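# Fold and geometry: a report
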Amino acid sequence: KLDLNWLNQFIGHEFKPKQVKQILEKLGFAVKGAKSPLNIAIPSWRAVHDINLPEDLAEEIVRIYGYNNIKSALPKAELRPPLANTPNILERKIKNILSLGAGLSEAYNYSFVSADGLNKLKIDQALTIKLANPLSQDLAWLRPNLIIGLLENIKTNQAAEAEVGIYEIGNIFLNQPGETLFLQEKNLAIVLAGDDQDNLFRKLKGIIEYLLLSLNLTVIFESALTAPFWAENSTAADALVNNKIIGRAGLLEKNIGRVFGLKKSVALGEINFKELNELTQNQPVKQFKKPPKYPWVSRDLALVANEKILYNNIKKQIINFSDLIKQAELFDVYQDDKLGQGKKSLAFRIIYQADRTLTSKEVDEIQEKLVKHLEQELGVKIRNF
């Protein structure tokens, strides 16, 4: 059987059934039928070693028709650009931001951990996955988080550096009770180690804020309702973007640091990579915004607050106090015995702006009311020295 559609595509020329029939009959073939597919009877003197395949019949047809009568044409092929792998693109962006901008070092750790590492973090082994054929007993479990490997990295490098800052992007694996499949997802973890505990935590939050701002996302830190198992309760904070928790940060619990053999204070941050990728993909298109027509007015405000109060809580109160307040940026944090035990000073630069020219008197009145509001809501006081 000879399919004429196949023949025309194979040769690159449009042959009619009558034309094919005439050529083959002149060569001794018997052709039955007037439409595709044609039934071809091969002559006995060519059936053994000469004509066995449809391609052999095509050769006979084009040979008689004439190779020079077939017009040359480039094959048609539709070329499509490959689909963008957005998670990989985002991962490369994050690495450039953290390595080049934030000055951190990237770590690559095994996806396997030991039972000893799980015990140090007091992780229930029922929530983890054990390998059936581990390379060794030290690598017998799939890691449920990135922290175990990063803490071991800190232990290895703490003697050589005054401060250590590392991060890792990698998969974690969790056992789901009642499910046949385990959960595998990608996470980002950042670890800082040094001697100044308070500065470490502020620096970590600054790095997370810098990372998200570089991705055109605004983050707010709020006191964690439930502290991570590895964190000091007094310093644990949730990282929120668009009122959605995408990560958490805090100081490593001292007993855990002691068990791992760490001689420095450690601040940890975890960000859910999947949530971060969805947020970056669903951002609205940037639009041009006219610069303000009228000038802004700035005022500095230094407040003495309890050291447990997060600066973002104060910032939120300031921003929401008046429609004329457009920005409130923290530019200084100060702690001293003069402030009192458990106290800290936070200095904010507040920007006032309206669709008219503001007077100094008007701004001063709002600033005075703002101070009273903060005193009532958060128990803060104006620093007078």
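From a predicted model like this one, the values you see are computed outputs, not experimental measurements. (Residues numbered from 1 in each chain as written. Predicted model: local features only at pLDDT ≥ 70, side-chain atom pairs only at ≥ 80, totals over all residues. Heavy atoms only, no water.)

## Details of the overall build of the chain
So the rule is basically this: Secondary structure elements are defined from DSSP: runs of H or I of at least 4 residues count as helices, runs of E of at least 2 residues count as strands, and each element is numbered from the N terminus. To sort residues, take the accessible area from a 1.4 Å probe on protein chains only and compare it with the maximum for the residue type: under 20% means buried, over 50% means exposed, and anything in between is partly exposed. Computed with the Shrake-Rupley method and a 1.4 Å probe, the accessible areas treat only the protein chains shown as cover for residues.
Helix and strand counts for the chain come out as eleven helices and 16 strands. Projected onto its principal axes, the C-alpha positions of the chain cover 115 × 65 × 40 Å. Each of the 385 residues in the chain was classed as buried or not, and the buried ones make up 41%. For the chain, the computed accessible surface area is about 23,400 Å², with 50% contributed by carbon and sulfur atoms.

## Some thoughts on the layout of surface pockets
As a reminder, the rule being used: Both site types are read off a 1 Å grid over the protein atoms alone. A 1.4 Å probe that fits but cannot get out defines a cavity, while an open set with protein on both sides within 12 Å along at least five of seven lines defines a pocket; lining residues have an atom within 4 Å of a point. Grid points are joined across faces, edges and corners, and a volume is the space filled by probe spheres set on the points. Amino acid classes used here: Ala, Val, Leu, Ile, Met, Phe, Trp, Tyr, Cys and Pro are nonpolar; Asp, Glu, Lys and Arg are charged; the rest, including Gly, are polar.
Estimated volume of the largest pocket: approximately 640 Å³. What lines the largest pocket is a set of 28 residues, and nearest its centre among them are Asp198, Phe201, Arg202, Lys205 and Lys344. Among the elements that line the lining of the largest pocket, the one with the most residues is helix H7 (residues 197-214), at nine residues. Split into classes, the residues belonging to the lining of the largest pocket amount to ten nonpolar, six polar and twelve charged.

## A word on the packing of aromatic side chains
Convention followed: Two rings belonging to Phe, Tyr or Trp (six-membered ring only in the last case) form a pair when the distance between their centres is within 6.5 Å. Interplanar angles under 30 degrees mark stacking, angles over 60 mark edge-to-face geometry, and anything in between is tilted. For a Lys NZ or an Arg CZ to count as sitting over a ring, it must be within 6 Å of the ring centre and within 35 degrees of the ring normal.
Scanning all chains against the criterion turns up three aromatic pairs. Between the aromatic rings of Phe15 and Tyr65, the centroid separation amounts to 5.1 Å while the plane-to-plane angle is 80°, which identifies the pairing as edge-to-face. Residue Phe15 is located in the loop between helix H1 (4-11) and helix H2 (17-26), and its partner Tyr65 is located in helix H3 (residues 54-65); the two are separated by 50 residues in the primary sequence. Sitting over the face of the ring of Phe260, Lys120 holds its NZ or CZ atom 5.1 Å from the ring centroid. Sitting over the face of the ring of Phe273, Lys186 holds its NZ or CZ atom 5.3 Å from the ring centroid.

## Focus: the sheet that holds strand S10 (residues 237-241)
What counts here: Two strands qualify as a pair provided that DSSP identifies no fewer than 2 bridges between them. Contacts: residue pairs with any heavy atoms within 4.5 Å of one another. In this analysis an axis means a line fitted to C-alpha atoms, helices contributing only their contacting stretch, and an angle means the value between N-to-C directions, from 0 to 180 degrees.
Judged by pairing direction, the sheet is mixed, and its seven strands sit side by side in the order S3-S7-S8-S12-S11-S10-S9 without closing on themselves. The open sheet has two edge strands with one neighbour each: strand S3 (105-106) and strand S9 (220-223). With four bridges joining them, S9 and S10 adopt antiparallel strand pairing. Residue pairing across strands places Ile220 opposite Leu240, the latter belonging to S10. In this fold helix H9 (residues 273-281) packs onto strand S7 (164-174), strand S8 (183-194), S10, strand S11 (244-251) and strand S12 (265-272), with an angle of close to 55° to the strand it touches most, S12.

## Here's the deal with the environment of Asp56
For clarity, the threshold we go by: A 3.5 Å cut-off defines polar contacts: any pair of N or O atoms within that distance qualifies, except that in protein one atom must be a possible hydrogen donor and the other a possible acceptor, and neighbouring residues in sequence count only when both atoms are side-chain atoms.
Its place among the elements puts Asp56 in helix H3. Residue classification places Asp56 among the buried positions, given a relative accessible area of 17%. C-alpha separation for the pair Asp56 and Gly261, spaced 205 residues apart in sequence, amounts to 78 Å. Asp56 has contacts with Asp50 and Ile51, leaving out every residue within four places of it along the chain. At a separation of 2.9 Å, a polar atom in the side chain of Asp56 contacts the main-chain amide nitrogen of Asn52.

## Digging into unusual backbone geometry
In the Ramachandran plot, Lys122 falls in the positive-phi region, its phi being about 55° despite a non-glycine side chain. Within the element layout of this structure, Lys122 appears in the loop between helix H5 (115-120) and strand S5 (129-130). The backbone of Asn216 sits at a positive phi, close to 65°, despite the residue not being glycine. Summarising the element assignment, Asn216 is placed in the loop between H7 and S9.

Shape is all these values report; function is a separate question.
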